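Structural description and commentary
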Amino acid sequence: MPAALSGETNMGTFRCLGRVGLAVVLAAALLHGGTVCLARPARSVQPAWAQAAVPDAYEALLGDDAPSLARDITVLVAPYGSDYLEAHTLDRADSAPPFATDEDWFQLSVAAGDVASGVPLLFQAVASGEPNVVPVIEVYGPFGLGDPLPVPHDPLTQPAPAIDSMATAFALGGDWFDHEGASLLFRPTESGRYYVRVRPYGDDSGSGYRAGAGEYTFRVKAGSMVRLAGSDRYETAVAISRERFADAMLDGALGLDNLSTAVVASGQNYPDALAGSFLAGVVNGPILLTRASTLPTVTADELRRLAPDRVIVLGGAGAVSDDVLAQISALFPAAEKPTVTRSAGPDRIDTAVQIAADGAALYASESGGTLPGGCIIANARNFPDALSASSAAAGGLLPILLTDADALDQRVEGAMTSLGVRDAIIVGGTGVVSSAVENRLASLLGDDHVVRLAGEDRYETSATFAAWLAGMPAGTTTVGTPDTPDLMPAARALDFGVATGGNFPDALAAGPSCGRGTVSHPAAPLLLTPPTSTSAWILNAGQLPSGSSYLERAWALSSDGEVIGESYIFGGSSAVSDSTWIALDQASGS
């Protein structure tokens, strides 16, 4: 990997290759490797169970099933502030002897300068289409000139763990992929040539491969930040959905298999979608956006891909018309039509109350349990503070209740009683949620059951909320109020999302995405930044006293030397600038 991976040289060439977005670049990639394809040996024994898929272009032309056939992707690795993806297929997976399987091998060179600068490499293999593949990523190396090629272990024919113990690094699953995907952030400590193997997961218990053949998307880039964006708010919401639900599987929420649900909200206003972050967290599904009277084609296509059993539309007919509900139903044949319902009230405050009630009822009916007992209080007339809290609402199952600034709305009080709320998190300063509201909450719940998270502006408020969610300053493993410190598990501080604080559309789907985590870390912080610069409250470049920014506080708590883990930017360059993407990618190096 030459120094250009960090974007310091040959930027024009590397940027051109890096900015392919979701397009598949085949022609240039196939020129690298140049090894004659070796035919697979004939199989005399047909496995008891086998799956096969159409080989991808790399398999069909040159082959990439062994280290000797590994494609050189050094020049394809996207530099800081860019991305590179390829479409691949693992076209063979057998469950019995002779355990024939497809493997995809890559190789790349890491230069001494990249090691010195701490350039991290992000490798991802995420199942796409039917969820037949459970990809594993294994990295081998470094190797020098004249060194023998790696001799990988076959987990099905050798008595060894399912992950090759000879691998330098590996990934099975990932913090952001709870279905079929592997994500590895690898920081080389030595220069040389590295080999990367992607294969189906298997074990040596006699049961064969855990999952069969199918398609996956391979990502490789320098830096840990990935941008998810489309040409408009509707495409951006779909890009987020396709990243988090790449396998199109909506089942599995709450550990159940019957909660296949998508949430649809207006993309022309923010209150319903922000309050809906909680509901999306309950059903473990995406929020997709629509126009008031017409379902965008890109949203329709994504609903077809996800094929949910249920679609919940947020807001009244003034926000999303009955025509849109009919258009959603008409997407599917009669035997596959989802149940399409509406969660709404006569205004934004009532709608937020109704969304909270519907989410609580759904949670109780599907899980048999009750909500944690917390809620988020935010201003009904402004979006930034609720946006910062939306990932916690989704991941921590904390309803977002909206109120006017000067007094706690009586409908909110009633909702808190019916929901069994014991703790309230106020987001924003007294200019957006007054002291009168805070005092009323304290009188209802008790002083130590109310916390206000605020800053001088939306960006400091965002960083303050994120720091609370990540258990700062003490590094606690749970977060909450003084009397309920375990309201929800804390976030991983260095896996986070970034969205614009200048406008709402691109970020409406970001909260549920960041709130779709693991049991131990159910939510990732969502930080806001100005559209044309990097917020000093995220990354301090001398604008603030040392130690003030979110990342400085997170780094102070990091015990394993991690700088920035796998993280996301939501929205295009007009929402979050390329300079911010590059700056955060650069900060992910040591």
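Residues numbered from 1 in each chain as written. Predicted model: local features only at pLDDT ≥ 70, side-chain atom pairs only at ≥ 80, totals over all residues. Heavy atoms only, no water.

Quick look at the sheet that holds strand β15 (residues 310-314) now. The parallel open sheet is built from 4 strands, whose spatial order is β14-β13-β15-β16. Among the strands making up the open sheet, the edge pair consists of β14 (287-290) and β16 (339-343). Across the sheet, the mean angle separating the axes of adjacent strands is 30 degrees when strand polarity is ignored. (Pairing = 2+ DSSP bridges. Helix = DSSP H or I, 4+ residues; strand = E, 2+ residues; numbered from the N terminus. Axes fitted to C-alpha atoms, helices over the stretch in contact; angles between N-to-C directions.)

With that settled, consider the sheet that holds strand β25 (residues 567-570). Taken in spatial order, the 4 strands make up an open sheet running β12-β25-β23-β24, and their pairing is parallel. Edge positions in the open sheet fall to β12 (225-228) and β24 (526-529), since each of these has one partner strand only. Strand-to-strand twist in this sheet, taken as the mean axis angle between neighbours without regard to direction, amounts to 25 degrees. Sheet topology places strand β23 (residues 497-500) next to β25; 2 bridges connect them, and they run parallel. Note on β25: the bridge partner recorded for Gly-497 is Tyr-568. Most of the contacts of helix α16 (residues 578-587) go to β12, to which it runs at about 155 degrees, and overall it touches β12, β23, β24 and β25. (Contact = heavy atoms within 4.5 Å.)

A few words now on the side chain of Thr-101. Position of Thr-101 among the secondary structure elements: in the loop between β4 (92-94) and β5 (104-110). A relative accessible area of 18% places Thr-101 in the buried class. Polar contacts involving the side chain of Thr-101 include one to the main-chain carbonyl oxygen of Arg-92, which spans 3.3 Å. (Buried < 20%, exposed > 50% of the residue type's maximum accessible area, 1.4 Å probe, protein only. Polar contact = N/O pair within 3.5 Å; in protein donor to acceptor, adjacent residues only side chain to side chain.)

Another aspect to go through is helix α10 (residues 384-396). A rise of 1.5 Å per residue sets the reference length of α10, with its 13 residues, at 18 Å; its end C-alpha atoms lie 19 Å apart and thus fit the reference within 8%. Along its length, α10 shows its largest kink, about 35 degrees, at Ser-390. The buried count for α10 comes to 13 of 13 residues, which makes it a mostly enclosed element. Of the residues trailing α10, Leu-397 is marked for its positive phi of about 55 degrees. (Expected span 1.5 Å × (residues − 1). Bend = angle between axes of the 7 residues up to and from the residue.)

Looking now at the packing of aromatic side chains. Counting across every chain of the model gives 10 aromatic pairs. Centre to centre, the rings of Tyr-270 and Phe-383 are 5.7 Å apart; their planes meet at 55 degrees, and the pair counts as tilted. You can see Tyr-270 sitting in the loop between β13 (261-266) and α6 (271-283) and its partner Phe-383 sitting in the loop between β17 (374-379) and α10, a full 113 residues away along the chain. A single burial state applies to Tyr-270 and to Phe-383, both of which are buried. A connected cluster of aromatic rings, assembled from ring pairs, spans Tyr-270, Phe-383 and Phe-504. Positioned over the ring face of Phe-383 is Arg-458, at 5.7 Å from the centre of the ring. (Phe/Tyr/Trp six-rings, centres within 6.5 Å; stacked < 30°, edge-to-face > 60°. Lys NZ or Arg CZ within 6 Å of the ring centre and 35° of its normal.)

This paragraph deals with the nonpolar core. The tendency in soluble globular proteins is for nonpolar side chains to be buried as a group. The biggest cluster of nonpolar side chains holds 113 residues, and the ones touching the most others in it are Ile-376, Ile-377, Leu-401, Leu-441, Tyr-550 and Leu-551. Non-local contacts of Tyr-550, meaning those with residues more than four positions away in its chain, are made with Ala-463, Ala-466, Ala-467, Ala-470, Met-472, Ala-493, Pro-525, Leu-527, Trp-537 and Ile-538. Formed by 26 residues, the second largest nonpolar core is a distinct cluster that contains Leu-76, Leu-121, Ala-182 and Phe-218. (Core = buried A, V, L, I, M, F, W, Y, C linked by side-chain atoms within 4.5 Å.)

Moving on, we come to helix α13 (residues 458-469). Its 12 residues give α13 an end-to-end C-alpha distance of 16 Å, which sits within 8% of 16 Å, the value for a rise of 1.5 Å per residue. Buried within α13 we find Tyr-459, Glu-460, Thr-461, Ser-462, Ala-463, Phe-465, Ala-466, Ala-467, Trp-468 and Leu-469. Capping of α13 at its N-terminal end is provided by Asp-457; its side-chain oxygen lies 3.1 Å from the backbone amide nitrogen of Tyr-459. Phi turns positive one or two residues past the end of α13, at Gly-471, with a value near 80 degrees.

Our focus in this paragraph is the environment of Ala-53. Of note, Ala-53 is situated in the loop between β1 (50-52) and α3 (57-61). Classification of Ala-53 by relative accessible area gives partly exposed; the value is 28%. Along the primary structure Ala-53 and Asp-91 are separated by 38 residues, whereas in three dimensions their C-alpha atoms are 4.4 Å apart. Ala-53 has contacts with Thr-89, Leu-90, Asp-91, Ala-213 and Gly-214, leaving out every residue within four places of it along the chain.

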